[in-house]
Amino acid sequence: MTDGISDVSADVVGVLTQRIEARFDMGMDQLKAAVAAAPTANRDATDVVKWHGLLVEAQSVLERAEDDLLAALQTQPSEVDDPTMGFAHRVNAAVTARDGRAMVVRWLLDPDAAGKKDLAAQRLARLRPRTGPAVQTSAPNRPAGTAAPASAWRSARSAR
């Protein structure tokens, strides 16, 4: 690859962190603090910090999945059982999530990336000031095991 990340690189997060720090000319901790203090001051920085955090989280999930798979493989005889295959599938899913998030960070860091300079990107930029979803996207927080009141179901149906 030409972006500084080789196929065998185990430190995707480290490479992208260095690129972020170089792009914004400050360390990640400083950048996170600046974004936390003024999240709307630089939308590019806010987006990069958000996706970098998701990338770090995905890397952590991947490392735990790899550790679980390794522990399971060390207890296996010559054939791999179904639970161990489940660990292998978790590793594959975690790699996919991590790599997808890394691709987003790389796209955010590339000012000439596809989709950033065309007409659709200009239209999207005009719509961007919205700070949250237009409708609620998650269920309200309720203690586990408690049912939603009947009025909540009626209001949810009428909102559709």
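Quantities reported herein were computed from a predicted structural model and do not represent experimental measurements. (Residues numbered from 1 in each chain as written. Predicted model: local features only at pLDDT ≥ 70, side-chain atom pairs only at ≥ 80, totals over all residues. Heavy atoms only, no water.)

K.L.:
Whenever I open this one, the overall build of the protein chain confuses me. Can you help?
P.N.:
The helix and strand tally for the protein chain stands at six helices and zero strands. Each helix and strand of the protein chain, placed in order from N terminus to C terminus, yields the pattern α-α-α-α-α-α. Of all 160 residues assigned to the protein chain, the portion counted as buried reaches 24%. Taking contacts inside the protein chain between residues at least 6 apart in sequence as the whole, the part at least 24 apart equals 56%. On the protein chain, roughly 11,400 Å² of surface is accessible, and the fraction owed to carbon and sulfur atoms is 56%. (Helix = DSSP H or I, 4+ residues; strand = E, 2+ residues; numbered from the N terminus. Buried < 20%, exposed > 50% of the residue type's maximum accessible area, 1.4 Å probe, protein only. Contact = heavy atoms within 4.5 Å. Areas by Shrake-Rupley, 256 points an atom, 1.4 Å probe, with all protein chains shown as cover.)

K.L.:
Explanation requested: the packing of helix H2 (residues 28-37) against helix H3 (residues 43-74) in the structure shown.
P.N.:
Relative placement of two packed helices is described by the angle separating their axes and the distance separating the axes. Running from N to C, H2 and H3 cross one another at 120 degrees; their axes reach a closest spacing of 10 Å. Compared by their axis directions, H2 and H3 come out oblique. In terms of crossing hand, the pair formed by H2 and H3 is left-handed. Counting all contacts with H2, which are made through Met-28, Leu-31, Lys-32 and Val-35, the residues of H3 involved are Ala-45, Thr-46, Val-49 and His-52. (Axes fitted to C-alpha atoms, helices over the stretch in contact; angles between N-to-C directions. Parallel < 35°, antiparallel > 145°, perpendicular 65-115°, else oblique. Left-handed = near helix turned anticlockwise from the far one by under 90°.)

K.L.:
Quick question: what am I supposed to make of helix H4 (residues 82-109) here?
P.N.:
An α-helical turn contains 3.6 residues, so a residue and the one three or four places further along point in the same direction. For H4, with 28 residues, the first-to-last C-alpha span of 41 Å sits near the 40 Å given by 1.5 Å per residue. If you check which residues of H4 are buried, you get Thr-84, Ala-88, Val-91, Ala-94, Arg-98, Ala-102, Val-105, Leu-108 and Leu-109. If you follow the buried residues of H4, they end up packed against helix H1 (12-24) and H3. (Expected span 1.5 Å × (residues − 1).)

K.L.:
Looking at this structure, how should I read the pattern of salt bridges?
P.N.:
Any two side chains of opposite charge can pair if their charged atoms end up close together. In the structure shown here, the tally under the stated rule is three salt bridges. Close ionic contact of Asp-68 with Arg-90 constitutes a salt bridge, the shortest N to O distance being 2.9 Å. In this pair, Asp-68 sits in helix H3 while Arg-90 sits in helix H4, placing the two residues 22 residues apart along the sequence. Overall, Asp-68 belongs to the partly exposed group, its relative accessible area being 33%. The class for Arg-90 is partly exposed, based on a relative accessible area of 39%. (Salt bridge = Lys/Arg side-chain N within 4 Å of Asp/Glu carboxyl O.)

K.L.:
Looking at this structure, I do not really get the nonpolar core. What am I missing?
P.N.:
Grouped together as the largest cluster of nonpolar side chains are 16 residues, with contacts concentrated most on Ile-20, Phe-24 and Leu-31. Those elements that provide at least two residues to this core are H1, H2, H3 and H4. Here this core gets five residues from one element, more than from any other, and that element is H1. In this view, Phe-24 contacts Leu-31, Asn-42, Asp-44, Ala-45, Val-48 and Leu-109; residues no more than four positions away in its chain are not counted. (Core = buried A, V, L, I, M, F, W, Y, C linked by side-chain atoms within 4.5 Å.)

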